Amino acid sequence: MSGSISDLDKNRALAEWLEYSLRQTRNRIRELEIQEQQEQRRRERAEQSWKIQPKRTGDTAVLHRGGCTLCADMGFINREEAIIALAEPDIEACQICNPQTGLT
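This text gives an overview of the structure that appears in the document. (Residues numbered from 1 in each chain as written. Predicted model: local features only at pLDDT ≥ 70, side-chain atom pairs only at ≥ 80, totals over all residues. Heavy atoms only, no water.)

Topic: the pattern of salt bridges
Turning to step 1, where the next piece is worked out: Tallying each qualifying case throughout the model produces four salt bridges.
Turning to step 2, where the next piece is worked out: Between Arg28 and Glu31 there is a salt bridge, with the nearest N and O atoms lying 3.1 Å from each other. Highlighted residues: Arg28 and Glu31, both in helix α1 (residues 7-47), separated by three residues, approximately one helical turn.
Turning to step 3, where the next piece is worked out: A salt bridge links Glu39 to Arg42, with the nearest nitrogen and oxygen atoms 3.0 Å apart. Of the two residues, Glu39 and Arg42 are both situated in helix α1; the distance of three residues between them amounts to about one turn of the helix.
Turning to step 4, where the next piece is worked out: With relative accessibility at 32%, the residue Glu39 sits in the partly exposed group. (Salt bridge = Lys/Arg side-chain N within 4 Å of Asp/Glu carboxyl O. Helix = DSSP H or I, 4+ residues; strand = E, 2+ residues; numbered from the N terminus. Buried < 20%, exposed > 50% of the residue type's maximum accessible area, 1.4 Å probe, protein only.)

Examining the sheet that holds strand β2 (residues 61-65)
Turning to step 1, where the next piece is worked out: Strand order in the open sheet formed by three strands is β1-β2-β3, with mixed pairing between adjacent strands. Each edge of the sheet is formed by a strand with only one pairing partner; in this case those strands are β1 (50-53) and β3 (91-93). Looking at each pair of strands side by side, their axes are set apart by 30° on average, direction ignored.
Turning to step 2, where the next piece is worked out: By the bridge criterion, three bridges tie β2 to β3 in an arrangement that is parallel. By the bridge assignment for β3, Val62 is matched with Glu92. (Pairing = 2+ DSSP bridges. Axes fitted to C-alpha atoms, helices over the stretch in contact; angles between N-to-C directions.)

Take it as geometry only, folks, not as evidence of what the structure does.
So this is what it looks like as structure tokens:
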């Protein structure tokens, strides 16, 4: 039968495709591992930081732990700045994340 592909050629083509697919999958796994590590570092950095939710009309500003989900991610402040912020009369501590923990 001329023009037909032999079983050997079919299996070689399949092997090449499977090797290509495996390389693609391994590359994607590496990308996802890097993303996961970066996210973990970001979470760890956030937990070692604080943030201030700006004052709204009639409210006071609120100090949060960096990882508190009640306040959108914004610029983080360090420990010393958080201690100073808590001493301010118009900034209160979040009642959920208790940002004063670890400051004293």
